[in-house]
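Structure assessment
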Amino acid sequence: MDKLVLSGGKKLNGEIRISGSKNAALPMMCAALLAKRPLELKNVPHLRDVTTMLSLLGQMGVEVTLDEQSSVVLDALNVNTLVAPYDLVKTMRASILVLGPLLARFGEAKVSLPGGCAIGQRPVDQHIKGLRALGARIVMGRGYIKATTKGLKGANVTMDVVSVTGTENLMMAATLAEGQTIIDNAAREPEVVDLARCLINMGAQIKGAGTKKIIVRGVNELSGTSYTVMSDRIETGTFLVAATMTGGKVRLINANVNTSKVIIDKLIQAGANLEMGNEVLSVNQNRRLNAISFCTAPFPNFPTDMQAQFMALNTVATGKSCIEENIFENRFMHVQELRRLGANITIKGNVALIEGVPKLEAAKVMATDLRASASLVLAGLVADGETTIDRIYHLDRGYERIEEKLGNLGARIKRTN
Ligand code: EPZ
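Overview of the structure. (Residues numbered from 1 in each chain as written. Predicted model: local features only at pLDDT ≥ 70, side-chain atom pairs only at ≥ 80, totals over all residues. Heavy atoms only, no water.)

1. Quick word on the pattern of salt bridges
Going through the model one piece at a time under the given rule, you end up with 17 salt bridges. Asp49 is the partner of Arg397 in a salt bridge, and the nearest nitrogen-oxygen pair spans 2.8 Å. Of this pair, Arg397 sits in the loop between helix 13 (393-396) and helix 14 (402-408) while Asp49 sits in helix 2 (residues 48-58), and the two are 348 residues apart along the sequence. Look at Arg397 and you get partly exposed, because its relative accessible area is 25%. Taking the relative accessible area as the measure of exposure, Asp49 reaches 2% and is therefore buried. Note that Asp160 is salt-bridged to Lys129, the shortest N-O span being 2.9 Å. Taken together, the positions of Asp160 in the loop between strand 10 (156-158) and helix 6 (164-174) and Lys129 in helix 5 (residues 125-133) put the pair 31 residues apart, joining distant regions of the chain. A residue is classified by how much of its surface remains accessible, and Asp160, at 55% relative accessible area, is exposed. Residues joined by salt bridges that share partners form a network here, namely Asp2, Arg48, Asp396, Glu403 and Arg415. (Salt bridge = Lys/Arg side-chain N within 4 Å of Asp/Glu carboxyl O. Helix = DSSP H or I, 4+ residues; strand = E, 2+ residues; numbered from the N terminus. Buried < 20%, exposed > 50% of the residue type's maximum accessible area, 1.4 Å probe, protein only.)

As structure tokens, this is what we get:
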């Protein structure tokens, strides 16, 4: 099993290019199922989750063509299997995003129930509720969601919980449903907006993406298109935290400035010295950060996917901070690993209280989920000595060649197995 070995204490210096967004690319790949004509996606990140999604679509009969850069062409003309099997779904929850498109185009889908995962139960009741409202008949049995419909019909759906993939599943299904669908209490994440833009390029009629109320008018069929995936705002935030923690001078190109506003604002409040350009973010940090408190919440508030990274920042910042995790019920698993590195963190329910320490001490630690792994890498960059991080397959799901990108900035980091 691969491990990462980091020797802390080096300032990061140089330039890196931010990759395409995992959480925008994954739903767009599923959107290919809605059309008989090929969908070309550009700026797709090279990630384990993307490979898993390509395998899932490929075993359904989608013709996948990859070029040596980062473009993928998905041709769903000859889809012949309407099943998302357990062995693939269990490794990637986002597989649930084939449900809406399969139902909308083929009137049938059988998708393995995505198990809970490290960070929480993560039920899919909102996905089911919304699709039933559009006229799908859905039964659960033997670990599978079995859905059929004689033809989806537009409906007004109010989500009980703000759900990113729940909104995306429903929005995709509604593009081919007869009549109008209104999704109230919709997720407003930039990845939802990017998906809507891609669907509109395919001929869908969608208004209000990015607001709490999305209106979709169904059309008879969608066409192919070529679409460039937005850059990853969580990777952008992760590298911004890395550069400010190590006190380096780093330029992020192809960065997601507009959709990273709340992250940038928090970093500036913490004393980060940032300059913003068009798709460029520069850090020039030469003083210790102040601890920064925050609560996670749906967009446009502070994203849960940046919680672990900012906790790493707070472990070596000046002063005390309080982090409240309101999205997932078990997203503090990085805490016990950060404590092994000498961090001073107390947990009370969904609140973590951190007191900055002058220095972290290197140790062996273990990754538990995608963003927790990132926080351990950040801590390893500043810990005194050699930190080894085990189970970094979690990291590979969401970060493209992280040791190469950080190594290019001068970090002492290497992958071993
Ligand atoms: C998406 O997951 C992201 N994944 C997650 O990123 C991200 O953390 C999350 O949104 C929140 O922003 C992708 O986009 C592929 P939710 P998703 O449905 O859609 C509850 C990463 O690190 N809920 O918005 O699965 C749920 O339990 C990953 O890249 C229900 O109760 O998250 C959670 O408490 C991790 N019923 C809250 O809503 C449902 O039917 C938000 O979940 C659906 C969700």
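2. Some remarks on the site of the ligand
Taken together, 22 residues lie near the ligand, and Gln126, Ser163, Thr165, Asp305 and Ile327 sit nearest. Contact between the ligand and Lys22: an oxygen atom at 2.8 Å from a side-chain N or O atom of the residue. Here Arg371 contributes a side-chain N or O atom positioned 2.9 Å from an oxygen atom of the ligand. Compared with its free state, where it exposes 820 Å², the ligand has 88% of that area covered by protein. The set of elements that each furnish at least two residues to the shell around the ligand consists of helix 1 (22-31), helix 5, helix 6 and helix 12 (370-382). Examining the composition of the shell around the ligand, we find that three residues originate from one element, helix 5, more than from any other. (Near = heavy atom within 4 Å. Polar contact = N/O pair within 3.5 Å; in protein donor to acceptor, adjacent residues only side chain to side chain. Areas by Shrake-Rupley, 256 points an atom, 1.4 Å probe, with all protein chains shown as cover.)

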